[in-house]
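If you want the building blocks of each chain, they are given just below.
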Amino acid sequence: MTTSSKSFSTRAIHYGYRPADNEGALTPPLHLTSTFAFETAEAGGEIFSGDRHRHVYSRISNPTLDLLERRIADLEEAEAGLALASGMGAISATLWTLVGPGDEIIVDNTLYGCTFSYMRHGLAKFGVKITHVDLTDPENLVGAMSEQTRVVYFETPANPNMRLVDIERVAEIAHAKGAVVVVDNTYATPYLTRPVTLGADIVVHSATKYLSGHGDVVAGLVVGTAEMIANIRMFGMKDMTGAVMAPFNAMLVLRGIKTLKLRMDRHCESAMIVARMLDACPVVKKSLVSGTTRF
Ligand SMILES: *Cc1c(COP(=O)(O)O)cnc(C)c1O
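Residues numbered from 1 in each chain as written. Predicted model: local features only at pLDDT ≥ 70, side-chain atom pairs only at ≥ 80, totals over all residues. Heavy atoms only, no water.

Colleague: Any chance you could explain the overall build of the chain here in plain terms?
Modeller: In terms of regular secondary structure, the chain is built from eleven helices and seven strands. For a compact globule of 295 residues, the expected C-alpha radius of gyration is about 19 Å, and the chain comes in at 20 Å, within 12% of that figure. For the chain, the C-alpha atoms occupy an extent of roughly 70 × 45 × 35 Å along the three principal directions. By sequence separation, contacts in the chain at least 24 residues apart represent 72% of the contacts at least 6 residues apart. Counting only carbon and sulfur atoms, one obtains 57% of the accessible surface of the chain, whose full area is about 14,600 Å². (Helix = DSSP H or I, 4+ residues; strand = E, 2+ residues; numbered from the N terminus. Rg over C-alpha atoms; globule rule 2.2 N^0.38 Å. Contact = heavy atoms within 4.5 Å. Areas by Shrake-Rupley, 256 points an atom, 1.4 Å probe, with all protein chains shown as cover.)

Laid out in C-alpha cells, this is it:
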C-alpha cells in the first residue's frame, strides 16, 4: 500500500508532488502534449519495445494524469490508479477488460442509469450475461454465483436510491468462487469508504461528481492492483474505448480533490439535518427501496 502517515486532507493536497522537482511551482504543471520526444532512434526503439518505461503518447499516459492517478490510488489505499474521460469511460474500459462472450456479471438491482444501459443493452449484445441480484442481503449472492460469474458489480450507496451493500461480505462470497469484485464508489468517495480495504478488487468513479466537486468537468477514475490497472490501461482504455482523460481535466480534478474533506463533511452535516427533519415529519413514510432502475 502506498498510503503514508499523513492525514487524508494533507495527502489530497500534496501526495505525489514535489515543487522542488518542478522549478518550485506550488501547483503542478499542466502537460499539454500528445506525444513525447525521444533523443535517439535507439532510445525510441527501447521505449516502444517496452524495455524502457517512459511516457510515449497521451492516450497511454501523461505526467499530469499520472499525478492524479497516483493521488487517487493513495486516497483509496490501492496500488495503482487510472484516469479516464468519464465515469462511463472508466466503467466500460474496466468491464471490456474483464469479460468476454459467455461470461456473467452479477449486479445489484439498482445501478446508475447509464451503467444499467451499458450492461443490459451494450455488454449483453456481445454475449455477456447480466444477472440482477438484491445485494442489500449479501446471502442472496451465495445461490446466484455460477461457473460463468466473472464479476460482481455494485454501487454503495447506489445512485439514485441510496441502497447500501456490505462490501466485505459480498467480496467474501464472490472471491470464494473466483469472481472479481468491482465497486462504484462515486457516492461515498474515498473520504467516507475505501472499498479496497474491505476486500473489493477494483473501484470505479465518476469523478464528475464529488471528487471534482465544482460541476465543471466530466471525468472518470479506476483503482486496483498494479497488474489489473496496467491491463485496463493497455486494453480497455488504449484499445477498446480510447476514453482517455484530457490533461486539462486532470488538473481540474486534482484541484477539486483538494477540498474533498471539507465538502464531504458539509454534505454529511446537511444530509443529517434533512434526514432528522423528514424523520420528524408526520406525512413522510419510511419505505425500503427495492426493484431495478430502468433507463
Ligand atoms: C454519474 C455516475 C456515473 C457515470 O459517470 P459520468 O462521469 O457521467 O460518465 C457512474 N456511476 C455513478 C454512480 C454516477 O453517479
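We are not done yet, so read on.
Colleague: Explain the side chain of threonine 110 to me, please; I cannot follow it from the model alone.
Modeller: Within the secondary structure, threonine 110 is located in the loop between strand E2 (104-107) and helix H5 (113-122). A relative accessible area of 0% means that threonine 110 is categorised as buried. A polar side-chain atom of threonine 110 sits 3.4 Å from a polar atom in the side chain of arginine 163. (Buried < 20%, exposed > 50% of the residue type's maximum accessible area, 1.4 Å probe, protein only. Polar contact = N/O pair within 3.5 Å; in protein donor to acceptor, adjacent residues only side chain to side chain.)

Colleague: Please explain the nonpolar core as it appears in this structure.
Modeller: Side chains of a nonpolar character, in soluble globular proteins, are inclined to be buried together. Core analysis: the biggest nonpolar cluster contains 29 residues, and Leu95, Ile105, Met119, Tyr153 and Val222 have the highest contact counts within it. Elements supplying a minimum of two residues to this core: strand E1 (80-84), helix H4 (87-98), E2, H5, strand E4 (149-155), strand E5 (180-184), strand E6 (202-206) and helix H9 (226-241). With five residues, the single largest contributor to this core is H4. Those residues in contact with isoleucine 105, other than ones at most four positions away along the chain, are Leu95, Val99, Met119, Leu123, Val128, Lys129, Ile130, Thr131, Val151 and Tyr153. Membership of the second largest hydrophobic core comes to 27 residues, among which are Val203, Val223, Met245 and Leu254. (Core = buried A, V, L, I, M, F, W, Y, C linked by side-chain atoms within 4.5 Å.)

Colleague: Just checking my understanding: could you explain H9 for this structure?
Modeller: Think of an α-helix as turning once every 3.6 residues; residues three or four places apart then point the same way. Along H9, the sharpest kink reaches roughly 35°, centred on isoleucine 232. Among all positions in H9, only Ile229, Ile232, Arg233, Gly236 and Met237 are buried. Check the buried side of H9 and you find it contacts helix H3 (63-76), E1, H4, E6 and strand E7 (220-224). Immediately beyond the C-terminal end of H9, within one or two residues, lies glycine 242, with a positive phi of roughly 60°. (Bend = angle between axes of the 7 residues up to and from the residue.)

Colleague: Any chance you could explain the packing of aromatic side chains here in plain terms?
Modeller: Aromatic ring pairs are described here by two measures, namely the spacing of the ring centres and the angle between the planes. Applying the stated criterion to the full structure yields five aromatic pairs. Three or more aromatic residues joined by ring pairs make a cluster, and in this case those are Trp96, Tyr118 and Phe126. (Phe/Tyr/Trp six-rings, centres within 6.5 Å; stacked < 30°, edge-to-face > 60°.)

Colleague: Is there a simple way to explain the pattern of salt bridges in this structure?
Modeller: Two side chains that carry opposite charge are able to pair once their charged atoms sit near each other. The final tally for this structure, using the stated rule, is 15 salt bridges. Here arginine 18 makes a salt bridge to aspartate 21, at a shortest N to O gap of 3.1 Å. Taken individually, arginine 18 and aspartate 21 each receive the classification exposed, so the pair is uniform in this respect. Residue arginine 70 pairs with aspartate 66 through a salt bridge whose shortest N-O separation is 3.0 Å. Here aspartate 66 and arginine 70 lie together in helix H3, a separation of four residues that amounts to about one turn. Owing to a relative accessible area of 37%, arginine 70 belongs among the partly exposed residues under this scheme. (Salt bridge = Lys/Arg side-chain N within 4 Å of Asp/Glu carboxyl O.)

Read these as layout, nothing more, since geometry by itself doesn't imply function.
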